[in-house]
Structure formats: structure tokens, C-alpha cells
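This is what each chain is made of:
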Amino acid sequence: MRRLARIAAVSVAALTAAGLSAPATAAPTRYEAEAGSFAQAVVESNHQGFSGAGFVNTDNVAGAYVQFAVNAASAGTATVTIGYSNGTTVNRPGDVAVNGVVVSANRAFAGTGSWDTWATSTLSVPVKAGANTVRLTSTTAEGLPNLDYLDVEAAAQSADYQAEDATISQGTVANNHAGFTGSGFVDYTNIAGSYVQFTVNAAAAGSSSLTFRYANGTTVDRPMDISVNGTVVSSGLSFPGTTNWDTWATKAVNARLNAGNNTIRATATTANGGPNLDRLTVSGAADSQPPTTPGTTSCSDIGENQLTLHWGAATDNVGVVAYDIYEHGNKLAEAAGNATSQVLNGLTPNTTYTLAVTARDAAGNASPATTPLQCKTLPSSDTTPPSAPENLAHSNVTANSVKLTWSASTDNRGVTSYDVRSGTTVYQTVTGNPPATSTTLTGLACNSPYSLNVVAHDAAGNVSAQSNADSFTTQSCSTDGGVPSSITTISTGWSIPWGTYWMPDGQTALVTERDSFKVFKVTPSGAKTQVGSVPNAVTTNGEGGLLGVAVDPAWSTNHYVYFMHTASEGNRIVRMTYDGASLSGYKILLQGIKKNQYHNGGRLLFGPDGYLYASTGEAQTPDLAQDKNSLNGKILRLTTDGKPAPGNPFGNYVYSYGHRNPQGLAFDRNGRLWEAEFGNSKYDELNLIKPGANYGWPTCEGNCGTTGMTNPKATWPVSQASPSGIAIVRNVVYMAALRGERMWRIPINGDSESVGTPTAYYVGTYGRLRTVTKVPGADQLWLSTTNADNNGNQPDGSDKIFRVTIA
């Protein structure tokens, strides 16, 4: 039997108004197909991935239908997203009727590849306040697709805030012109800095439209800064003349509101003051439709330090407001919504850049990214390396640190950085303009001999000869610490190994391959055997696919293992059975995690409390990270049967929020959770995760002083890290870096919440490092590469797993 497509219509809450109110977003209301009424149809459960208790399979006849009873809080327009499955190659059209009126005739439901693959179709429909019926009726002898559920998203309502009731600085309430609403309007004093401030209460966080009604009876623009909660969201917003003081116009700007009270201030920026201000209208963002993917990309005007990137225009139901340009998932630049090209400056000579473009609308919806394009800058005309640093010397030697000083190098164009090395292994990079000629190295191995040198770099990538070698021995040991002392290749022939998780007995580990969806068991000697594949996984032509894996702590009795993977509708956390030789079964524990080409998160880890922790990216839609009702941009904590874990801070799956693209998770000896996170264009982060804490994205990248947001414990420029997996051995965090092509060592300072100075190993030696995992019962790590991905550009089978010994 075929499986009836699921009707999904996302129910978004309307703006609530009680007196002066603000936008509010209710939880989606789901209507299961099996709970509706239907004719010439049956309820079934013989296919995977359905919601609720089953789905509805109509007979292969014209006139078969499924009808949903939908309640709307108020009359207006609702967005209905129909999710469906059609395992044939034949279209199965149907009429969509609301309250007996057909609103979409012969709506197409094309084949989805299989009955286990779900797709969606979205339309807007009119609804009345109270009870409504939504019916899908087959119009051909093929019947309908399989139907699973229906959600309904009501159009956002709005609330008005009268200017005369707001807080006024250097202005007066007046009523000497016609056409105002309420009891009057605010006449700004003709001075820069005069303002009107509104207090707006929002029931939930989200994007909102702020519309100002004003009059300007002059021919001179009266611009104002619009700020929300102290942050300017629109600088110098134009309020041009309206012909006379009795003629009113509106000016709108989109902004994000926090749950609870918000302050919205309109401040005059010139000596003319602001216009006459009548009211502010706040409406929820009803627009949930992202723009289309931008068109084909290309590069031109390629030089040593710049190039021009071109793309085809995207389309949007409201309008594209910006294009974001990414390099390896890091934001490199931004262009206006009417642009189709952007000059990229400050690039490194003779370097390949992998570029992708997303389109963004005013509501913050982001399109899928374009197919990655590689453009290589020209070799530098500067071939002269800096002079070698001289007079390297040490002082202040401790068990794990040393201070180093050296004489400055010279260069025809300028020195940009120094590398402190042991042989060719880089321990630290010193930057600045000019870079300093001293540093303190921390995290060294105790009671160990060192011989260090320094080299200088210039902007063209030229490297000096090394300085004199300087030797010393660190002081005697304590229990913490250790450094990588040897690295050995134990397994080859991999294609993007992403997740590694040891079985509880420590005899084998499970390793996932991202794009092949295969799962292998690997012995300590490196022998690998495929044990199965994860069904329903898809790629994103970027960083999606089969990602993290975790093994149930009670595996010996239940044989459960867990995976996070990208599927047709988004990212999922699923459970399978593993008997030690093969995988079987497939159960969805959690879905509805939005996906995109990049920023899918994906790490899974069981905590000391027995609950499953999962990292999710914000799917290139930054506002999701601050929405505590969204699953994206979060660390999630759930039970082994897919429910929110007891004690979660917000009563849902969310454990922490404000994350951009977290991929590294590890618990220390005190049971504290550490996390590594991709930055945008400035800083990558190492965070100490606490329940309910807000880690700042998109307000903050790296450290910031915003109240209520938690600073990272360490940061790196994105070019030096782009971190994925982390592991902890002897109270030291080891972090695998992709773009940085190195493994970072970050010592935790005892049992405190601070860390010592990070040092880097294997810089550029093994390429893109994805996952680092502690070996049970040993001071060892497994370290894997993903050079076969579309950023590493190596052939399939070129990736490796290494064993690193800590001494």
C-alpha cells in the first residue's frame, strides 16, 4: 500500500493584544490526518517517518477526501503547508477547499521518490474566526498522496502604540493638525537627540515589523535612528516630506524583539529634529517563506588580494534585502538585496577560496546556499621573505609554561605574524600590527626538554628562515597536562568520516561517513568493517548528511545506538539497534530541526546524567539561535526515547541557546560540558556550557558586554580554527580544526572555569581535521580528517584516522 502524503500547515501564533500589546507567536497547532474525517480512505502505519499514530491512505479513485477541523483565533489569512508522500512517478492532484470553497483547484502532488520520502506544498488560505474545515479531495483516479498531518499558520496581527502615551524627550504632545489617531501626536523639538520611546511587551521572541506613522510638512528630510533595547537597528532612517502637516505617511523597519518588555526608540539625528510622530504599529513577522536559491555564481577581475563574485538574482514572496557570501561556511561579505555581484577585498594571494551565496529577506529567512564555487587569487608579486628573527631566548620556566623573547624581523612590505615552533610544529602564532616580539607559552609538558625556534610571515605568505634554536627543560610534573608525543596512522581509505563513538567495552568504535551514510566498526588496530547504513539520510552539498553517532550507556542490554542526520525535511535524531555486527530498525526520536547547506551542527554525546546531548546549527538563519522555542542554534538534551530531558531549563528540548554552529562536545572530570563552535567571520569559540545560558549569537561573535549573554572561554580567528570535534584528556581540551588544519591544545586551569593559552599541533600537516575522540582507558586520542569533502577537494578514500599518544 502507498503512504498518504502528510499535510503540514504550520500554525504560527498571531500577535496577541491586550490593551497595548506586542507580537506573540503561539506553538504550532498540529492536526493529525488519522484524527480527521475521511471518505474512501483508511489509516495505516506501514511506512516510516509519519507523525502521530499513523497516516491516511486514500483509495485510488476521484472524490476520495481527507478533512481537518481547524480552529482560528481570528479571521484573516493563514499559511497552509501540505506535507505529502507519493511513491509513484504519477502526479496525484487534489482540490483544496476551505469551508466548502475551493481555494486551490487540482493542486499538484508530484512523486517524491518513495513512500518513505516526504515533501511539502504551501499555500495561503482565508479563514474565519472559530471553526473551519480544510478538505483535500482527489480529482483523478489515482487518488491523493499519503496524508500525515496539517498545521495552520495564522497571519500575524498588529498592535498600535500611540506616540503621545510614550516616553518623550525634547518634544511635546500636540493636536493642531488634522488626521492623527488617538488623542494627539508628538511634535519633536528641532534638535538632534530628541526622541520618543515606546515600551512594547512581546509574549515570545521573534522578528517583527515596526511601522511609524508620521507627517513632515517641509521639504527637508528628518532622519531618525531606530533602536531596539539600546541597539540601533536602522541608522538614519529617512522620513521625507509629506507635502503638508495634515498628510500622514508610514515608514517600516524589521527588527527582532525579545520575549517580555522591549524599548523601541526613534531619535532625531539632525538639528531639524524628527517629524510629527503619530503612532507605532508592531506586527509579527507572518513571512516564513525563504527566498529562492541565488543563481549560478562566477568570479571575475581576479587579482592578488581581491576578486569579484557574481550570482543570479534570487526571488522572494516579499523581497530580498541582502545576500550573504560565505567561504567554508564563514561569512566573508554582505551585499544589498538588489546586487548581483560583490568585490571581495583583503584576500590572500595564491589561495583557493570556496564561495557560496545565500539570499535573505526582511523577516530573516535565508535561502539555500548556491553550489560552492572555487576561485583562486593570483600569486603575489612580492617574493621577498622577511629576515630571520634573532636572539631567541627564554625565561620564567615552570612545569607547563615559558616566556620567550626575540628580535624583530624586517620585510620590504611588513611582517604580519611570528610562529613559535618546535621543529616545524607550530605552538603559537603571534599577530599584530606590528606583531609582538615576546610571548608566554602555556600548556607545555612537565619535566620535558624543548627546543624552539621562531619564523616570520608577511602578507604575501612568504616565510623567513628560522631563528636560532633555544632549549630548556620544564619543571617537574603534576597530575594534569601532557602533550601529544606521537601520532600514528591506524586506518585509511575513508571518505569524510564525521562521527566517532566508542562502545562501552572500549573494544571497538563506531564511525560514520557523512556523504555515503555508511557506519563502520573499527578496532583499536584500525581494522574496519561496515555494519550498515542509516536510511533516509540526504546530503546538502555542503556540511549536511550522516553526522554524529552515540552509543547508549546501557547498550549491553538494549543495543541502542543514535545518529543525527539530514533528511528530506530537515535534520533528525534517530535510534537504531546494533547487535555488534549489524544495524537494524529505524526510529525517529526528534525531527523538525531546520537544515541548510551549512550550519547543521550534528554532534551527539551522552552525559554523566545518562541523557543524550545534541548540537544543532542555526541553518544560516541567525534569529533561530535566540528563539528558545526553536530547535536550531542550540545544545539539546533529551531522553533515550526522544522526549525532553527532565530538568531542562525551559521545559522543552533546549539546554543552552545562542549558538551559531556548534560541533564539539566533551564532558570534563567534574561533569561540566565544554563546546566548540564555528564563528561567522571573526571568532571561533570554546564555551563552557551551563543550562539555560545564552551564548550570544547573532548579537555577539566572540566576547561581548551584552547583559545576559555568556562569553566564551577562548576564541580564535576563523582562519586558524573553524573547529569541529573536541575531547578532554588529563584536564586538557583537544580541538580539531577544519579551515585551520591543526589540532589545538587548551589546558583547563585546574577545576576553575578558565583555560590557559592554546597551542597548535600538526599545522597544515594532515589537512582538515574533523573529529577528535578520547580512547577509553588510555591517554590517547583518535583524530580523523575530512579532506575528501568539497572544501578539501581530495578524492574519495583519501581520509585517515590517526592515533595520538599523550605523554
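Quick caveat: nothing in here was measured; it's all calculated off a predicted structure.

Participant: An account of the overall build of the protein chain is needed here, citing residue identities and associated values.
Facilitator: Along the backbone of the protein chain there are one helix and 61 strands. Here the C-alpha radius of gyration of the protein chain, 29 Å, is about what a compact globule of 807 residues would show, namely 28 Å. Projecting the C-alpha coordinates of the protein chain onto the three principal axes gives extents of approximately 85 × 75 × 50 Å. Counting over 807 residues, the protein chain shows a buried share of 55%. Contacts in the protein chain between residues far apart in sequence, at least 24 positions, make up 65% of those at least 6 positions apart. Of the accessible surface of the protein chain, which amounts to about 29700 Å², a share of 48% is contributed by carbon and sulfur atoms.

Participant: Describe the state of the cysteines, naming the residues involved and giving the relevant values.
Facilitator: In total, this model carries two disulfides according to the counting rule given. Between Cys-299 and Cys-375 runs a disulfide, and the two sulfur atoms are separated by 1.8 Å. For the disulfide bridge between Cys-299 and Cys-375, the dihedral angle about the S-S bond is near 85°, and by the sign convention the bridge is right-handed. Pair noted here: Cys-299 is in strand E24 (residues 298-300) and Cys-375 is in strand E30 (residues 373-376), with a separation of 76 residues, a long-range link. The exposure class assigned to Cys-299 is partly exposed, which follows from its relative accessible area of 23%. With a relative accessible area of 4%, Cys-375 lands in the buried category. Each sulfur of the disulfide joining Cys-700 and Cys-704 lies 1.9 Å from the other. Disulfide Cys-700-Cys-704: torsion about the S-S bond near 70°, hence right-handed. The exposure class of Cys-704 is partly exposed, given its relative accessible area of 23%.

Participant: Give a description of the pattern of salt bridges that names residues and reports values.
Facilitator: Opposite charge on two side chains permits pairing when their charged atoms draw close. Per the stated rule, a full pass over the model turns up 22 salt bridges. With a shortest N-O distance of 3.1 Å, Asp-789 and Arg-768 are connected by a salt bridge. On the criterion of sequence distance, the pair formed by Asp-789 in the loop between strand E60 (780-785) and strand E61 (799-806) and Arg-768 in the loop between strand E58 (759-761) and strand E59 (769-774) is long-range, its members being 21 residues apart. Each member of the pair, Asp-789 together with Arg-768, is buried.

Participant: Quick rundown of the environment of Ala-436? Include the residues and the values.
Facilitator: Within the secondary structure, Ala-436 is located in the loop between strand E34 (425-431) and strand E35 (438-442). Taking relative accessible area as the criterion, Ala-436 reaches 35% and is therefore assigned partly exposed. The spatial distance from the C-alpha of Ala-436 to the C-alpha of Thr-416 is 9.9 Å, given a sequence separation of 20 residues. Setting aside residues up to four positions removed in sequence, Ala-436 forms contacts with Trp-406, Tyr-418, Val-430 and Thr-431.

Participant: Outline the sheet that holds strand E20 (residues 231-237), supporting the account with residue identities and numerical values.
Facilitator: If you walk across this open sheet you meet the five strands as E14-E17-E22-E19-E20, and the pairing is antiparallel. Edge positions in the open sheet fall to strand E14 (167-169) and E20, since each of these has one partner strand only. Looking at each pair of strands side by side, their axes are set apart by 15° on average, direction ignored. Where strand E19 (residues 224-228) lies against E20, four bridges are found, and the strand directions are antiparallel. The partner of Val-228 across the bridge, within E20, is Thr-231.

Participant: Hey, could you go over the packing of aromatic side chains for me, with residue numbers and the actual values?
Facilitator: Per the counting criterion, the structure on display carries 22 aromatic pairs. Arranged with centres 6.1 Å apart and planes meeting at 40°, the rings of Trp-555 and Tyr-578 form a pair that is tilted. In this pair, Trp-555 sits in helix H1 (residues 555-558) while Tyr-578 sits in strand E45 (residues 571-578), placing the two residues 23 residues apart along the sequence. By the burial criterion, Trp-555 is buried, and Tyr-578 matches it. Geometrically, the ring pair formed by Tyr-562 and Phe-606 is edge-to-face, given 5.3 Å between the ring centres and 70° between the ring planes. With Tyr-562 in strand E44 (residues 560-566) and Phe-606 in strand E47 (residues 604-606), the pair connects residues that are 44 residues apart, well separated along the chain.

Participant: Explain unusual backbone geometry to me, using residue names and the numbers behind them.
Facilitator: Here the residue pair Asn-433 and Pro-434 is connected by a cis peptide bond, since its omega of 0° sits within 30 degrees of zero. Its place among the elements puts Pro-434 in the loop between E34 and E35. In this structure, Pro-698 follows Trp-697 across a cis peptide bond, with omega equal to 5°. Looking at the element boundaries, Pro-698 is found in the loop between strand E53 (683-689) and strand E54 (714-717). Residue Asn-229 is not a glycine yet carries a positive backbone phi of 55°.

Participant: For the pairing of strand E49 (residues 634-638), give the residues involved together with the corresponding values.
Facilitator: The buried count for E49 comes to five of five residues, which makes it a mostly enclosed element. What you see with E49 is no split at all: Lys-634, Leu-636 and Leu-638 on one side and Ile-635 and Arg-637 on the other are buried throughout. Bridge count for strand E48 (residues 612-616) against E49 is five bridges, and the pairing is antiparallel. Paired with Ala-614 across the two strands is Leu-636, which belongs to E49. As paired strands, E49 and strand E50 (residues 654-657) are joined by three bridges and run antiparallel to one another. Of the residues in E50, the one forming a bridge with Leu-636 is Val-654.

Participant: Go over the pairing of strand E26 (residues 320-327), please, and point to the residues and values.
Facilitator: Moving residue by residue along a regular strand, the side chains alternate between the two faces of the sheet. When you tally the buried positions in E26, you get seven out of eight residues, the bulk of the element. Two elements, E26 and strand E29 (residues 352-361), share seven bridges in a ladder whose sense is antiparallel. Across the sheet, Glu-327 pairs through a bridge with Leu-355, a residue of E29. Pairing geometry for E26 and strand E27 (residues 330-336), over six bridges, is antiparallel. Residue Ala-322 lies in a different strand from E27, and its bridge partner there is Ala-336. Between the antiparallel neighbours E26 and E27 lie two residues, among them His-328 with a positive phi of about 55°.

Participant: Describe the sheet that holds strand E43 (residues 546-551), listing the residues and the values that go with them.
Facilitator: For sheets, the rule is that strands pair by backbone hydrogen bonds, running either parallel or antiparallel. If you trace the four strands from one edge of the open sheet to the other, you get E43-E44-E45-E46, paired in antiparallel fashion. Either end of the sheet is taken by a strand with one partner, and the two such strands are E43 and strand E46 (583-593). Put simply, the sheet's adjacent strands are angled 20° from each other on average, direction ignored. The pairing of E43 with E44 spans four bridges and is classified as antiparallel. Across the sheet, the residue bridging to Leu-546 is His-565, located in E44.

Participant: Provide a residue-level description of the environment of Arg-413, including the pertinent values.
Facilitator: Tracing the sequence through the fold places Arg-413 in the loop between strand E32 (401-407) and strand E33 (415-422). Among the residues examined, Arg-413 registers a relative accessible area of 57% and is labelled exposed. Taking the C-alpha atoms as reference points, Arg-413 and Pro-385, separated by 28 residues in sequence, lie 9.6 Å from one another. For Arg-413, the contacting residues outside a window of four places in its chain are Ser-381 and Asp-382. Of note is the side chain of Arg-413, whose polar atom sits 3.4 Å from the side chain of Ser-381.

Participant: For the nonpolar core, give the residues involved together with the corresponding values.
Facilitator: Counting 46 residues, the largest nonpolar core has Leu-510, Val-561, Phe-563, Ile-573 and Leu-636 as the members making the most contacts within it. By residue number, the principal contributor to this core is E46, which donates five residues. Apart from the residues lying within four places of it in its own chain, the contact partners of Leu-636 are Leu-590, Ile-593, Leu-612, Tyr-613, Ala-614, Thr-616, Leu-631, Tyr-653, Val-654 and Tyr-655. Judged by nonpolar contacts, the second largest core, of 33 residues, contains Leu-392, Val-402, Tyr-761 and Val-804.

Participant: Let's hear about the side chain of Ser-104: which residues, and what values?
Facilitator: Tracing the backbone through its elements, the reader meets Ser-104 in strand E8 (residues 101-107). In terms of polar contacts, Ser-104 uses its side chain to reach the side chain of Arg-107, at 3.1 Å. Setting aside residues up to four positions removed in sequence, Ser-104 forms contacts with Gly-94, Asp-95, Val-96 and Leu-123.

What counts, and at which threshold
- Residue numbering note: each chain is counted from 1, following its sequence as written.
- In keeping with the predicted nature of the model, local features appear solely for residues at pLDDT of at least 70, side-chain atom pairs appear and are counted solely at 80 or more, and the whole-chain, interface and lining totals rest on all residues.
- Only hydrogens and water are removed before side-chain values are computed, so all heavy atoms of the structure are retained for them.
- The helix and strand labels rest on DSSP assignments: H or I over at least four residues marks a helix, E over at least two residues marks a strand, and numbering proceeds from the N terminus.
- A radius of gyration in this sense is built from C-alpha atoms; the matching globule rule multiplies 2.2 Å by the number of residues raised to 0.38.
- Burial classes follow relative accessibility: with a 1.4 Å probe on protein chains only, a residue under 20% of its type's maximum area counts as buried, one over 50% as exposed, and anything between as partly exposed.
- Residues are treated as being in contact if the distance between any of their heavy atoms lies within 4.5 Å.
- Accessible surface is estimated by sampling points in the Shrake-Rupley manner with a 1.4 Å probe; for residues, cover comes only from the protein chains shown.
- Note on terminology: disulfide denotes any pair of cysteine sulfur atoms within 2.5 Å.
- By definition here, a salt bridge exists when the distance from a side-chain nitrogen of Lys or Arg to a carboxyl oxygen of Asp or Glu is within 4 Å.
- Between any two strands, at least two bridges found by DSSP are needed for them to pair.
- Angular values range over 0 to 180 degrees, each being the angle between N-to-C directions of two axes fitted as lines to C-alpha atoms, with helices fitted over their stretch in contact.
- The criterion for an aromatic pair is that two Phe, Tyr or Trp rings (for Trp, the six-membered ring) have centres within 6.5 Å, with stacked assigned to planes under 30 degrees apart, edge-to-face to planes over 60 apart and tilted to the rest.
- The term polar contact refers here to a pair of N or O atoms within 3.5 Å; inside protein, the definition further demands a hydrogen-donor-capable atom paired with an acceptor-capable atom, and it admits residues adjacent in sequence only when both atoms are side-chain atoms.
- What makes a nonpolar core is a set of buried Ala, Val, Leu, Ile, Met, Phe, Trp, Tyr and Cys residues whose side-chain atoms join them at distances within 4.5 Å.

Interpretation note: all reported values are geometric properties and have no functional meaning in isolation.
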